[in-house]
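# Chain and residue survey
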Amino acid sequence: MEVSSKIFAGAGADALFIEQDFIRRYLTGFYSTDGYAVVTREGCTFVVDSRYFEAAEKALKNTNIKLVEGLYKQAEALLSGAKTVGVPYPFTNLSRAETLKKNGFALTDCMPALQAAMEIKTSKEIALIEKACEIAEDAYLSLLPEIKEGMTESEVAALLEYKMRKFGASGVSFETIVAFGANGSVPHHETGNTKLKFGDAVLIDFGCKYEGYCSDCTRTFLFGDDKKHEDFKKVYAQVLHAHELVKEKTVAGMTGRDSDEIARGYLRTKGLDKYFTHSLGHGIGLQIHEYPVLAPKSEQVLKDGMVFSDEPGVYLAGELGIRIEDSVYMTGGKVKSFMKKTERNLIIL
């Protein structure tokens, strides 16, 4: 069964009306900033305007997706005869929902059916994410020798993003985070103009896209050893152990809560759990934050084919921040990391 047919069957609607770019791409394999995917019992029709029609025609030539040149009017016309229309509630704006209801359609949420399909990656999707991870790691390894004292966080971020594109990325998965010294204690620090000094801890959270699919990685290291980081080194080793325990002990059938507790429980034995202020991980795919969620309250069951992050961290306000993150996936009932090239043990430049 084709993915669109499977989603249609699970949505409980007469037709699905999709205009969100990443979901359109999931259904069609084609990226555009505008357009509509309409799924009915007969299959998937992609409506796109003249800016994209030629490229879409070429890309979808040997698929079962029907292509129509047009705008919203042409897309809504494809709903003729439908009473109930499925739209992804979390991503549908109120104005569009009101328009569809005004024109006589009853709306239902098709996101559960989309989520069920999208959270289990195909072998092709796994390969694309693996390539995105490889590019990110290659760029990071190329970056390290070029980091110099006096560079700003923004300069390091810009250089890394350039290198990811140079190695084949189509863009970044999210805004690169570079934090020097105590700035690392803010998990989502806003990269700025702080200058690098000898002895600084450096936290870099980065990722890129390859054919739409994301990678996500965080590495923390020391820029020179000023012999003042003994506590940092101790905490780093504990965060690393928590990170590796997740890979070792997480198995299919566990919930996101169970996996989160592997890391959080270990850090609790070291008195560090209160400084682990975010969830262990999140799904990764066409969006950088997808399902499953690995968090203290998550009841989502982990299954083969799921891709997610393993990113325990410890943050002491005004002092330090340490996060170690890999993009990983479930296969054969166990966790396997996409990250094969970059060092997880503490490095000192």
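Placed above this text is the structure.
Heads up: these notes are all about the structure in this document. It should be emphasised that the depicted structure is a prediction, and the values quoted were computed from it without experimental measurement.

Criteria and cut-off values
- Residues numbered from 1 in each chain as written.
- Predicted model: local features only at pLDDT ≥ 70, side-chain atom pairs only at ≥ 80, totals over all residues.
- Heavy atoms only, no water.
- 1 Å grid on protein atoms, 1.4 Å probe; cavity = no way out; pocket = protein on both sides within 12 Å on 5 of 7 lines; lining within 4 Å.
- Points joined across faces, edges and corners; volume = space filled by probe spheres on them.
- Helix = DSSP H or I, 4+ residues; strand = E, 2+ residues; numbered from the N terminus.
- Nonpolar A, V, L, I, M, F, W, Y, C, P; charged D, E, K, R; others polar.
- Buried < 20%, exposed > 50% of the residue type's maximum accessible area, 1.4 Å probe, protein only.
- Arc of directions from axis to C-beta.
- Contact = heavy atoms within 4.5 Å.
- Salt bridge = Lys/Arg side-chain N within 4 Å of Asp/Glu carboxyl O.

## Concerning the layout of surface pockets
By volume, the largest pocket is sized at about 740 Å³. Contributing to the lining of the largest pocket are 28 residues, with Val-3, Tyr-26, Leu-27, Thr-28 and Gly-29 lying nearest its centre. Breaking the lining of the largest pocket down by element, the ones donating at least two residues are helix H1 (3-11), helix H2 (21-28), strand S3 (43-48), helix H6 (111-118) and helix H7 (123-143). Counting residues per element, the lining of the largest pocket draws most heavily on H2, at four residues. Across the lining of the largest pocket, the residue classes tally to 13 nonpolar, seven polar and eight charged. In this structure, the second largest pocket occupies an estimated 340 Å³ of space. For the second largest pocket, the lining is made up of 20 residues, of which Ile-177, Pro-187, His-188, Asp-205 and His-289 are closest to its centre. Taken together, the residues of the lining of the second largest pocket sort by class into four nonpolar, nine polar and seven charged.

## Describing H6
Looking at H6, one finds that the buried residues are Met-111, Ala-113, Leu-114, Ala-117 and Met-118. Relative to the axis of H6, the buried residues are bounded by an arc of 160 degrees and lie together on one face. Turning to H6, the residues buried within the fold contact H1, strand S1 (15-18), H2, strand S5 (84-87), strand S6 (106-109) and strand S14 (290-294).

## Side note on the pattern of salt bridges
Two side chains of opposite charge can pair, provided their charged atoms sit close to one another. Taken as a whole and assessed by the stated rule, the structure comprises 24 salt bridges. Residues Arg-51 and Asp-34 are paired through a salt bridge, measuring 2.7 Å at the closest nitrogen-oxygen approach. Of this pair, Arg-51 sits in the loop between S3 and helix H3 (53-59) while Asp-34 sits in the loop between H2 and strand S2 (36-40), placing them 17 residues apart in sequence. On the accessibility criterion, Arg-51 (55% relative accessible area) is exposed. Accessibility expressed as a relative area gives 37% for Asp-34, which makes it partly exposed. A salt bridge links Arg-264 to Asp-260; the nearest nitrogen and oxygen atoms lie 2.7 Å apart. Remark: Asp-260 and Arg-264 occur in helix H10 (residues 256-269); sequence separation between them is four residues, near one turn of the helix.

Geometry only, nothing functional implied.
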